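Now for the letters of each chain:
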Protein chains: 2
Amino acid sequence: MIYGISHVGVAVQDIEAALKYFSRILKIPMPEIHSAPEKKMRFAVIDVGGVGIELLEDKSSDGRVANFVKEKGEGIEHICFLTDSIEKDMDELKERNFDFYSRGPVTGLRGKKIGFSKNEALAFELSEP
Amino acid sequence: MIYGISHVGVAVQDIEAALKYFSRILKIPMPEIHSAPEKKMRFAVIDVGGVGIELLEDKSSDGRVANFVKEKGEGIEHICFLTDSIEKDMDELKERNFDFYSRGPVTGLRGKKIGFSKNEALAFELSEP
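Now for a quick tour of the structure. Remember, it's a predicted structure, so these values are computed and weren't measured experimentally.

## Let's talk about the sheet that holds strand S4 (residues 51–58) of chain A
All names here are of chain A. Spatially, S2-S3-S4-S1-S5-S8-S7-S6 is the arrangement adopted by the 8 strands of the open sheet, whose pairing is mixed. A single partner strand is all that each edge strand has here, and the edge strands are strand S2 (34–36) and strand S6 (106–107). Where strand S1 (residues 2–12) and strand S5 (residues 75–83) come together, 8 bridges link them in antiparallel fashion. Considered in S5, the bridge of Val8 is made with Ile79. Contacting S1, S5, strand S7 (113–116) and strand S8 (124–127), helix H3 (residues 86–95) runs over the sheet at an angle of about 145° to S8.

Spelled out as structure tokens, the structure:
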């Protein structure tokens, strides 16, 4: 069952600049930047009252986030819902004609089980906590 | 102080279609659609574990959401943070060179005090609950 929002993913070109922006708004220290060099990505998560702002910098040539920035510029790229049963929810959504990038959940940047929707206009993910 | 996330605003072209999409994902009844005819807007809010998904349809010629859809297509348009002191937070952010559309808070679609940022790449709002 989907019961909440895990985080909102923000596609950025320069993660240091974006973190400065958000840490100024939220008056928090600069969060730690993590790297996923195999994906040419860097990311950081800011917790705001239990919901994450996930900043994503993608320097690959054709990654999902890199393509988003190329087409639309920096901005909010996805909403990630929380589910307590990702396999079951993905199966049910596929029966209702939702397209996911993978048949079952994959491991996301942060080591969680995630299913990515192919709907680019209203991107969303499912994630187990 | 900013202490949470009120909602995530999603710009859509057809609010009925978008609500069908989200209500299928979340297995909820179709939420009520509200109108703001003076702005040529319709909107609906879906609560997901305490955070709103605010769907926004803007049929005006040059409204913020209409312009977003024209330039980028449907997608997630803003994050609205919660503050317990909107005037104070807006003043402090302005001192740190944040641009808002208005000097002080305005009344949003849902009757709340809101400050809209002019930063279009990483749109955000502040709102009092």
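## Considering the environment of Ile53 of chain B
In this fold, Ile53 of chain B is placed in strand S4 (residues 51–58). Placed 26 residues apart in sequence, Ile53 of chain B and Ile79 of chain B show a C-alpha to C-alpha distance of 9.7 Å. Those residues in contact with Ile53 of chain B, other than ones at most four positions away along the chain, are Ile5, Ile79 and Phe81 of chain A together with Val8, Val10, Phe22, Ala44, Val45, Ile46 and Val48 of chain B.

## Focus: the relation of the copies chain B and chain A
Between chain B and chain A, the superposition needs a rotation of 180° and an axial shift of 0.0 Å, giving an RMSD of 0.0 Å. Overall, the copies show the geometry of a two-fold rotation axis. Taken as a fraction of all interface residues of chain B, those also at the interface in chain A reach 100%, which identifies the copy contact as same-surface.

## Focus on the packing of aromatic side chains
Summed over the entire model, instances satisfying the criterion amount to 12 aromatic pairs over all chains. Each ring, one from Phe100 of chain B and one from Phe124 of chain B, has its centre 6.3 Å from the other, and the planes form 65°; the classification is edge-to-face. Here the residue Phe100 of chain B occupies a position in the loop between helix H3 (86–95) and strand S6 (106–107), and Phe124 of chain B occupies one in strand S8 (residues 124–127), the gap between them amounting to 24 residues. Following the ring pairs from residue to residue traces out a cluster consisting of Tyr21 and Phe22 of chain A together with Phe81, Phe98, Phe100 and Phe124 of chain B.

Conventions adopted
Residues numbered from 1 in each chain as written. Chains lettered and ligands numbered in written order. Predicted model: local features only at pLDDT ≥ 70, side-chain atom pairs only at ≥ 80, totals over all residues. Heavy atoms only, no water. Pairing = 2+ DSSP bridges. Helix = DSSP H or I, 4+ residues; strand = E, 2+ residues; numbered from the N terminus. Contact = heavy atoms within 4.5 Å. Axes fitted to C-alpha atoms, helices over the stretch in contact; angles between N-to-C directions. Least-squares fit on C-alpha atoms with pLDDT ≥ 70 in both. Phe/Tyr/Trp six-rings, centres within 6.5 Å; stacked < 30°, edge-to-face > 60°.

The analysis is restricted to geometry; functional conclusions fall outside its scope.
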